[in-house]
Amino acid sequence: MSLMRRLRRKLFPPHGVVEGYENEELVETILRKTIAFQAEENWPLVANVGSVLDFGGGAGIHYKIARQTSPDTRWAVVETPAMVRRASKLATNRLRFFSEIHDAADWLGSIDLMHSNGAIQYVDDAIGTVKALCAARPATMVWYRVPISNGSAKKETQKSFLSHNGPGKMAVESDKVVKYTRCWIPQASFVDAHQGYALIERGPDPRERGTQHFYFAQIE
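The text that follows walks through the structure, step by step, so that each part is easy to find. Remember, predicted model here, so these are calculated numbers, not experimental data.

## Description of the environment of Arg94
And step 1. Along the chain, the position of Arg94 falls in the loop between α4 (81-87) and β4 (95-98).
And step 2. Taking the C-alpha atoms as reference points, Arg94 and Trp75, 19 residues apart in sequence, are found 5.9 Å from one another.
And step 3. Engagement of the side chain of Arg94 in a polar contact is seen with the backbone oxygen of Asp72, the distance being 2.7 Å.

## Observations regarding the environment of Gly203
And step 1. Here Gly203 is to be found in strand β9 (residues 197-204).
And step 2. Separated by 127 residues in sequence, Gly203 and Ala76 place their C-alpha atoms 26 Å apart.
And step 3. The contact partners of Gly203, leaving out residues within four places of it in the chain, are Thr211, Gln212 and His213.

## A look at the packing of aromatic side chains
And step 1. Going through the model one piece at a time under the given rule, you end up with eight aromatic pairs.
And step 2. Residues Tyr122 and Tyr180 carry aromatic rings whose centres are separated by 5.3 Å and whose planes lie at 65° to one another, so their mutual orientation is edge-to-face. Residue Tyr122 is found in the loop between β5 (113-117) and α6 (126-135), and its partner Tyr180 is found in strand β8 (residues 177-186); the two are separated by 58 residues along the sequence. Like Tyr180, Tyr122 is buried.
And step 3. One aromatic cluster is present, built from ring pairs that chain together Trp143, Phe190, Phe214 and Phe216.
And step 4. We note Lys154 situated over the ring of Trp184; from NZ or CZ to the ring centre the distance is 5.6 Å.

## Regarding the nonpolar core
Side chains of nonpolar character tend, in soluble globular proteins, to be buried together.
And step 1. Leu53, Phe55, Trp143 and Phe190 are the most contacted members of the largest nonpolar core, which totals 31 residues.
And step 2. Those elements that place two or more of their residues in this core are β2 (51-55), β3 (74-78), α5 (101-108), α6, β6 (140-149), β8, α7 (187-192) and β10 (211-218).
And step 3. Residue contributions to this core peak at five residues, all from α5.
And step 4. Here Leu53 is in contact with Ala76, Val78, Ile101, Ala104, Ala105, Leu108, Ile111, Leu113, Met114, His115 and Leu133, once residues within four sequence places are set aside.
And step 5. By size, the runner-up hydrophobic cluster in this structure holds 30 residues, among which are Val77, Ala82, Leu113 and Tyr144.

Calculation criteria
Residues numbered from 1 in each chain as written. Predicted model: local features only at pLDDT ≥ 70, side-chain atom pairs only at ≥ 80, totals over all residues. Heavy atoms only, no water. Helix = DSSP H or I, 4+ residues; strand = E, 2+ residues; numbered from the N terminus. Polar contact = N/O pair within 3.5 Å; in protein donor to acceptor, adjacent residues only side chain to side chain. Contact = heavy atoms within 4.5 Å. Phe/Tyr/Trp six-rings, centres within 6.5 Å; stacked < 30°, edge-to-face > 60°. Buried < 20%, exposed > 50% of the residue type's maximum accessible area, 1.4 Å probe, protein only. Lys NZ or Arg CZ within 6 Å of the ring centre and 35° of its normal. Core = buried A, V, L, I, M, F, W, Y, C linked by side-chain atoms within 4.5 Å.

This is the structure:
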């Protein structure tokens, strides 16, 4: 965005407000941007990976990227019911959408990788959701952009522009402010929730200030 457009946006922000991830307008924007997105880069993480449970994977954007490296991977996206209803039009024999973790796990069978990028902080029960994902017994678990608190859990209202949601750039008919609740998760609670897994790697995630990435592997 140019300096002039950023200044104009700051001085004259959109008046409309979108509340939460179940909003149909937000879901439709993410879906259209995902369809239009052209993936080009390779993704070493998914090389030789046969099955992935993608928690919070939107309309399948991560699958579009992964397909460049590993076209035969079976991919299950776990999302909100609203997103699942709309994104299911994109389903194939290798890409499916589910609103429940156990349904995604049942379809995949054995899971090579659980992948999640900037999603766990928006669910009502982050720690309970982590435990449910661990119960699906993926071989490895990779988390990106997790807001970590060194103290207790805390919630805040996060704001973004509708046009900034979803991959890439696409004009929207009428931009709006999107509001959703984000939770900062205590580091000890997050790590301890991974029962049966060893923490292999963690560190700051450069893509979003204050967040971290984590890599866990199942203990045999």
